[in-house]
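# Structural overview for review
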Amino acid sequence: MELKSSSTEKLVPGDVLDYDRAKEVKEFDETKAGVKGLLDSGVAKVPRFLIHPPESFPMLSPATTHFQFPMIDLQGFESCSRMEIVDQIRIASETWGFFQMINHGIPVSVIDNTLEAVRQFHEQPKEEKMEWYSRDHKQRVRYYCNGDLLVSKAANWRDSIAFDFQDGPLNPEAFPLVCREAVSEYMKHVIELSKALSELLSEALGLSSDYLAQIECMKSETLLCHYYPVCPEPNLTLGATKHSDPSSLTLLLQDNIGGLQVLHQNHWVEVPPVHGALVANIGDLMQLITNDKFRSVEHRVLAGHIGPRVSVACFFYPSATHKLKPYGPIKEFLSDNNPPIYRETHITEYLAYYRSKGLDGNSALPHFKI
């Protein structure tokens, strides 16, 4: 496809009228090559459909150096250190909505193999990846560029492969061969970790340790494996627009490149890469059912000259059998002084609204406020 020049060149008034974004996006999507394909084709400028407005790039404030991103050592969470760990999780979930974890039980070798396998999938020849390319959410294993490509005002500089476990287990034979073994092994470990975190989060909320497990709000998973190629003009685009996650909880692996930032006290704060660590973040559904006790915080990923960057995000949702189960603020948190902030909704409705608006820089939660 022929690519339009970037906004670094001066645009005359007629250019804006002549520009057909839908046409450019359609031509790009039909290549099934993603932004990696743009880079491989020798593109030196970011195409216009990937360019974000200047207001999307508030600079990092010097004050961010004063923030200490929460790091929680899970060593001993089943014994002597449990109360201290629960308290740390509570504070981080109420204030940051994010925390990193070490000694979480997933072997470093499994983490490294997973990140490497994702990188290998995305760096295959285009012809190998094309057979997996799809925009159909019902296709449970699919490769794509920007889930909201057709509705967003500006696309992001990343490609993804998704593994959707929300309708139950997937046969590993349905995975691409290059990442089959690594993804299967990682999922076994991350599901076990989520069970432990479900208990710790329940206790951090002052509830019985099995509370979140009983309401099955973290019972199914979607794994998104992102690839952020080196960007020729990282000041014009983003790896991921400012957004919060629609899940109950997200567990993230990131490599050593960096670029993930969390919005904390109106400052963008870098999440420092730590080899072997996992990042946990509270999702929108958790904020809704806790009536704002735990916070689903907005975050973004910067594009960069250095890379590629690889990350693996596992989103935990209500079980497949509870797609239409209403979830609202937990009754134990409600009183005359603390009325419900949100109406009840089910995950199918929430995700439909979230997807319809795309990653537009605004949270989906206000839509569900009473």
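I will try to describe carefully the structure that is included in this document. Source: prediction; values computed, not measured. Residue positions are counted from 1 within each chain, in the order its sequence is given. Confidence filtering applies because this is a predicted model: local features only for residues at pLDDT of at least 70, side-chain atom pairs given and counted only at 80 or more, and all residues used for totals across whole chains, interfaces and linings. For the side-chain quantities, the full set of heavy atoms in the structure was used; hydrogens and water were omitted.

A separate point is the pattern of salt bridges. When a carboxyl oxygen of Asp or Glu is within 4 Å of a side-chain nitrogen of Lys or Arg, the pair counts as a salt bridge. Applying the stated criterion across every chain, the model contains 17 salt bridges. Between Arg119 and Glu123 there is a salt bridge, and its shortest N-O distance comes to 2.3 Å. Its salt-bridge partner being Glu173, residue Arg180 comes within 3.5 Å of it at the nearest N-O pair. Several salt bridges converge on common partners, so that one network encompasses Asp87, Arg90, Glu94 and Lys293.

Since one α-helical turn is 3.6 residues long, residues separated by three or four positions face the same way. Listed as buried for helix H10 (residues 347–357) are Ile347, Tyr350, Leu351, Tyr354 and Lys357. Viewed end-on, H10 has its buried residues packed into an arc of 140°, placing them on one side of the element. Here a strand is any run of E in DSSP of at least two residues, a helix any run of H or I of at least four, and the numbering for each starts at the N terminus. Following H10 by one or two positions, Gly358 adopts a phi angle in the positive range, close to 70°. Exposure classes here rest on a 1.4 Å probe applied to the protein chains alone. A residue is buried below 20% of its type maximum, exposed above 50%, and partly exposed in between. To be clear, the arc concerns the directions from the helix axis to the C-beta atoms.

Attention now moves to the layout of surface pockets. Residues are said to line a cavity or pocket when one of their atoms sits within 4 Å of a point; the points come from a 1 Å grid over protein atoms alone, cavities being sets where a 1.4 Å probe fits but cannot get out and pockets being open sets with protein on both sides within 12 Å along at least five of seven lines. Grid points are joined across faces, edges and corners, and a volume is the space filled by probe spheres set on the points. Of the voids in this model, the largest pocket is the one considered here, and its volume is about 840 Å³. Lining the largest pocket are 42 residues, and of these Tyr144, Arg158, Leu224, Phe315 and Tyr354 lie nearest its centre. Residue assignment for the lining of the largest pocket shows that the elements contributing at least two residues are strand E3 (141–144), strand E4 (159–164), strand E5 (220–228), strand E6 (238–243), strand E7 (249–254), strand E11 (299–302), strand E12 (309–317) and H10. Among the elements that line the lining of the largest pocket, the one with the most residues is E12, at 5 residues. Gly is put with the polar residues, along with every residue not named as nonpolar or charged; the nonpolar set is Ala, Val, Leu, Ile, Met, Phe, Trp, Tyr, Cys and Pro, and the charged set is Asp, Glu, Lys and Arg. For the lining of the largest pocket, the residue count by class is 18 nonpolar, 15 polar and 9 charged. The space that makes up the second largest pocket amounts to roughly 400 Å³.

If you trace the backbone, Glu185 turns up in helix H7 (residues 180–204). In sequence terms Glu185 and Leu288 are 103 residues apart; their C-alpha atoms lie 32 Å from each other.

This part covers the packing of helix H5 (residues 108–122) against H7. Between H5 and H7, the least distance of the axes is 9 Å, while the angle of their chain directions is 135°. The orientation of H5 relative to H7 falls into the category oblique. Our pair here, H5 against H7, has a crossing hand that is left-handed. Where H5 approaches H7, its residues Val110, Asn113, Thr114 and Ala117 are matched on the opposing element by Ala182, Glu185, Tyr186 and His189. Within the contact of H5 with H7, the residues separate by chemical class into 4 nonpolar, 3 polar and 1 charged. Axis lines are fitted to C-alpha atoms, over the contacting stretch for helices. Their N-to-C directions set the angle, which ranges from 0 to 180 degrees. Any angle that is under 35 degrees is reported as roughly parallel, and any over 145 degrees as roughly antiparallel; angles of 65 to 115 degrees are reported as roughly perpendicular and all others as oblique. The crossing is said to be left-handed when, going from far helix to near helix, the turn is anticlockwise and less than a right angle, and right-handed when the turn is clockwise. Contacts between residues were defined by any pair of non-hydrogen atoms, one from each residue, lying within 4.5 Å.

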